[in-house]
Amino acid sequence: MAIAIRQDRRQPEKWMLEQGSFLQLQNDYQQLLRNNKELMDGIHYSQLIQQGILPQERHLKRLFDEYFVLFKPQNIIGGDLYWVGQKGKLKIFAVADCTGHGVSGALLSVLALSFLNYVILGKEFVEIHEVLEELDKKWIETFHQGVEYGFDNDWMEIGICAFNSETRELQFSGAFNKLTCVHENEMTTICGNRYPIGGWQLEKTRTYKNHSQILPENTMVYLSSDGFKDQFGFPEGKRFGTKRMTQLISSVAHLPAARQKQVVEAAFESWKGPEVQTDDVCLMGVRL
């Protein structure tokens, strides 16, 4: 009987302990909700900032009669970006992919956009590959301090074009990127150099090749990050891949650019299904 009484006396203490633990868990949960809301509010606001920094519709319309941009960050904001501008007689456009996703990728994309503005609009160049070489120098200079901490591997993959509408000469230079051109059902692909902007370097001075061609009227040209072709599909779990990407572009190139965007976006969403988006996606198509 005495034992039973002692057990009964311990019940209020046990109840108070359980109640305290429950209240602590409840408080922790409420704090997590507040922290998560603040974080998501900040990310959604960052999305507005990133969209404001990227070229606007009026900038594209000023340069091109027909175009589309499919831009789909993986995590609300991301490391993919596109850029358009004019320098003298040259209409310049680019698509790039910075390392990372989310916040870190977005910060690098802002840096990349500022470098593109600085190099293209603020410096003189004859051929478009000179822009990439200057970008590479600026990128390495910016992240050089990471060497002492054993980390120096932030990079950017980019394809950049300069089009002279008077001579119809198109220049292209790429860092782990390529250019696709389609004219009257004939597709050509030009590959850039197989190393990025920045990152680990074995060479002291890195150069990028300049590709030049005269475009016939009504040619569609495409620049893209690798996010589209690297997307895993449902239910097979396979990547979309370069072959399907090539076939998709070839099948839509004759359509108006606005319709092309609808078709390629629908193809992406259909392939992805319920799968998580694998990477940031950026695809630009311009009719020249």
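Residues numbered from 1 in each chain as written. Predicted model: local features only at pLDDT ≥ 70, side-chain atom pairs only at ≥ 80, totals over all residues. Heavy atoms only, no water.

Visitor: Can you walk me through the side chain of Ser224 in this structure?
Guide: The residue Ser224 is located in strand β10 (residues 220–224) in this model. Relative accessible area serves as the criterion here: at 19%, Ser224 is assigned to the buried category. Polar contacts involving the side chain of Ser224 include one to the main-chain carbonyl oxygen of Cys282, which spans 3.3 Å. Beyond its immediate stretch of four places on either side in the chain, Ser224 contacts Val95, Asn177, Met245, Cys282 and Leu283. (Helix = DSSP H or I, 4+ residues; strand = E, 2+ residues; numbered from the N terminus. Buried < 20%, exposed > 50% of the residue type's maximum accessible area, 1.4 Å probe, protein only. Polar contact = N/O pair within 3.5 Å; in protein donor to acceptor, adjacent residues only side chain to side chain. Contact = heavy atoms within 4.5 Å.)

Visitor: In this structure, what is going on with the pattern of salt bridges? I would like to understand it.
Guide: Any two side chains of opposite charge can pair, so long as their charged atoms come close to each other. Under the definition given, this model contains 11 salt bridges. A salt bridge links Lys72 to Glu269; its shortest N-O distance comes to 3.0 Å. Here the residue Lys72 occupies a position in strand β1 (residues 66–72), and Glu269 occupies one in helix α6 (residues 257–272), the gap between them amounting to 197 residues. Linking Asp136 and Arg206 is a salt bridge whose minimum nitrogen-to-oxygen distance equals 3.6 Å. Here Asp136 is found in helix α4 (residues 129–143), whereas its partner Arg206 is found in the loop between β8 (197–198) and β9 (211–214), with 70 residues between them in sequence. The network of salt bridges with shared partners includes Lys72, Glu265, Glu269 and Lys272. (Salt bridge = Lys/Arg side-chain N within 4 Å of Asp/Glu carboxyl O.)

Visitor: How should I be thinking about the packing of helix α3 (residues 102–122) against α4 in this particular structure?
Guide: What describes two packed helices is the angle between their axes and the distance between those same axes. The geometry of α3 relative to α4 is characterised by a closest axis approach of 10 Å and an angle of 130 degrees between their N-to-C directions. As judged from the angle between their axes, α3 and α4 are oblique. In this structure, α3 crosses over α4, and the sense of that crossing is right-handed. Side by side, α3 and α4 meet where Leu108, Leu111, Ala112, Phe115, Leu116, Tyr118, Val119 and Ile120 of the first sit next to Val131, Glu134, Leu135, Lys138, Trp139, Thr142 and Phe143 of the second. (Axes fitted to C-alpha atoms, helices over the stretch in contact; angles between N-to-C directions. Parallel < 35°, antiparallel > 145°, perpendicular 65-115°, else oblique. Left-handed = near helix turned anticlockwise from the far one by under 90°.)

Visitor: Would you mind going over the side chain of Glu157 with me for this structure?
Guide: Tracing the backbone through its elements, the reader meets Glu157 in strand β4 (residues 155–164). This buried residue, Glu157, is left without a salt bridge; Lys229 holds the nearest opposite charge, at 7.7 Å. The residues touching Glu157, leaving out its near neighbours within four places in the chain, are Val95, Ala96, Asp97, Ala175, Phe176, Pro196 and Asp226. (Lys, Arg positive; Asp, Glu negative; His and termini not counted.)

Visitor: Before we go on, may I ask you to explain the packing of aromatic side chains in this structure?
Guide: Geometry of an aromatic ring pair is reported as the spacing of the ring centres plus the angle between the planes. Enumeration according to the criterion identifies 9 aromatic pairs in this entry. Measuring from ring centre to ring centre gives 5.5 Å for Phe64 and Phe93, while their planes differ by 85 degrees; the resulting arrangement is edge-to-face. Taken together, the residues span a long stretch of sequence, with Phe64 in the loop between α2 (57–63) and β1 and Phe93 in strand β3 (residues 90–98) at a distance of 29 residues. This pair shows no difference in class: Phe64 is buried, exactly as Phe93 is. Ring centres of Phe228 and Phe268 lie 5.1 Å apart, and the angle between their planes is 65 degrees; on these two criteria the pair is classed as edge-to-face. Here Phe268 lies in helix α6 and Phe228 lies in the loop between β10 and α5 (241–252), a separation of 40 residues in the sequence. Relative accessible area serves as the criterion here: at 1%, Phe228 is assigned to the buried category. A connected cluster of aromatic rings, assembled from ring pairs, spans Phe228, Phe240, Phe268 and Trp271. Sitting over the face of the ring of Tyr118, Lys138 holds its NZ or CZ atom 4.9 Å from the ring centroid. (Phe/Tyr/Trp six-rings, centres within 6.5 Å; stacked < 30°, edge-to-face > 60°. Lys NZ or Arg CZ within 6 Å of the ring centre and 35° of its normal.)

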